[in-house]
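# Examination of the molecular architecture
Okay, here's what each chain looks like letter by letter:
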Amino acid sequence: VLMQRKLVLLVALGLLLSVAVAAPASGKKDGDLKDQPFKVTADRVFAGESDLCPVEYLVAEDSEYIGRGTHLGLFELYETLCLDPIDGVFFVDGKLVAANGDELYFRVDGTFPPLESSGWVFTGGTGRFASAEGVAHETLIRDDGGVIIGVDAVGTIRFNASDRSK
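Quick caveat: nothing in here was measured; it's all calculated off a predicted structure.

Right, let's talk about the pairing of strand β2 (residues 59-69) for a bit. Bridge analysis of strand β1 (residues 33-49) against β2 gives nine bridges, and the strand direction is antiparallel. Paired with Arg44 across the bridge in β2 is Tyr65. One ladder, built from eleven bridges, connects β2 with strand β3 (residues 73-84); its direction is antiparallel. Paired with Ser63 across the bridge in β3 is Glu79.

This is how it looks when you write it as structure tokens:
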């Protein structure tokens, strides 16, 4: 009987160890990734020429914004617009930096005229946004002279909200 108990105990311990080894080390589970509403509002605080665009893009502009958004809190937005007026194409590479320092990256690809774009397509980031995906559609806010002074964006994002690592 004692031998049977030892055998059962060893088998149980072996099963427990095999489950522990098979569990993901990060603690992330597919169930942690879920669609969440996404909304930001930001004011433009800087715009200037960029040297980050390929040479064939004749218009290159860097912009910075400060705003507030869901899943971000107070944030900073940095984006580079690269525009080729001859071929009628553009792209924007952007980065949102959340209040805690986590970064959320996005890309916009588009054509004009008429202006059509993919919206902000989330491409990952750092911390809880490392595996982020989704799309947000932006509305540019302009002053009476047509100058962009802000941006609103609304959409859906999928990310691991429980991951607070960097």
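On the surface, a cluster of nonpolar side chains totalling about 280 Å² of accessible area is made up of Val45, Phe46 and Ile66. In this structure, Phe46 sits in strand β1.

Judged by nonpolar contacts, the single largest core of 25 residues is most densely connected at Phe38, Leu96 and Trp120. The element contributing the most residues to this core is strand β9 (residues 148-160), with five residues. Residue contacts for Phe38: discarding those within four places in its chain leaves Thr70, Leu72, Leu96, Leu104, Trp120, Phe122, Ala136, Ala153, Val154, Gly155, Thr156 and Ile157. Within the second largest apolar cluster, five residues are counted, among which are Cys53, Tyr57, Cys82 and Phe91.

Let us now look at the state of the cysteines. Taken as a whole and assessed by the stated rule, the structure comprises one disulfide. Linked covalently through their sulfurs, Cys53 and Cys82 form a disulfide whose S-S length is 1.9 Å. Here the S-S torsion is close to -85°, and the disulfide linking Cys53 with Cys82 is therefore left-handed. In this pair, Cys53 sits in the loop between β1 and β2 while Cys82 sits in strand β3, placing the two residues 29 residues apart along the sequence. Here the two residues Cys53 and Cys82 agree in accessibility, since each one is buried.

Moving on, we get to the environment of Leu58. Secondary-structure assignment places Leu58 in the loop between β1 and β2. Spatially, the C-alpha atoms of Leu58 and Asp84 are 5.5 Å apart, while their sequence positions differ by 26 residues.

Direction of pairing for strand β4 (residues 89-97) relative to strand β5 (residues 103-111): antiparallel, over a ladder of nine bridges. Residue Val97 lies in a different strand from β5, and its bridge partner there is Glu103. Between β4 and β5, which pair antiparallel and follow one another directly, the connecting turn spans five residues, one of which, Gly101, has a positive phi of 100°. Of the strand pairs in this sheet, β5 and strand β7 (residues 120-125) are connected by three bridges, and their pairing is antiparallel. For Phe106, the partnering residue across the bridge sits in β7 and is Phe122. Between β5 and strand β6 (residues 116-117), which pair antiparallel and follow one another directly, the connecting turn spans four residues.

Conventions used here
- Note that residues are indexed from 1 along each chain, following the sequence as it is written.
- Residues qualify for local features only when their pLDDT is at least 70, as the model is predicted, and side-chain atom pairs are given and counted only at 80 or more; totals for whole chains, interfaces and linings, by contrast, use all residues.
- Note: side-chain values were computed over all heavy atoms of the structure, leaving out hydrogens and water.
- For two strands to be treated as a pair, DSSP must find at least two bridges joining them.
- Strands are runs of DSSP state E lasting at least two residues, helices are runs of H or I lasting at least four, and both sets are numbered from the N terminus onward.
- Here, patches come from residues exposed beyond 30% relative accessible area and free of salt bridges, joined within 9 Å for like charges and within 5 Å for nonpolar side chains (Val, Leu, Ile, Met, Phe, Trp, Tyr).
- Areas reported here follow the Shrake-Rupley algorithm with a probe of radius 1.4 Å; residue values treat only the protein chains shown as occluding.
- Salt bridge, as used here: a side-chain nitrogen of Lys or Arg that lies within 4 Å of a carboxyl oxygen of Asp or Glu.
- Put simply, buried Ala, Val, Leu, Ile, Met, Phe, Trp, Tyr and Cys residues joined by side-chain atoms within 4.5 Å make one nonpolar core.
- Each residue gets one of three labels from its accessible area relative to the maximum for its type: buried under 20%, exposed over 50%, partly exposed in between, using a 1.4 Å probe on protein chains only.
- What makes two residues a contact is simply this: any of their non-hydrogen atoms within 4.5 Å.
- By definition, disulfides here are pairs of cysteine sulfur atoms that lie within 2.5 Å.

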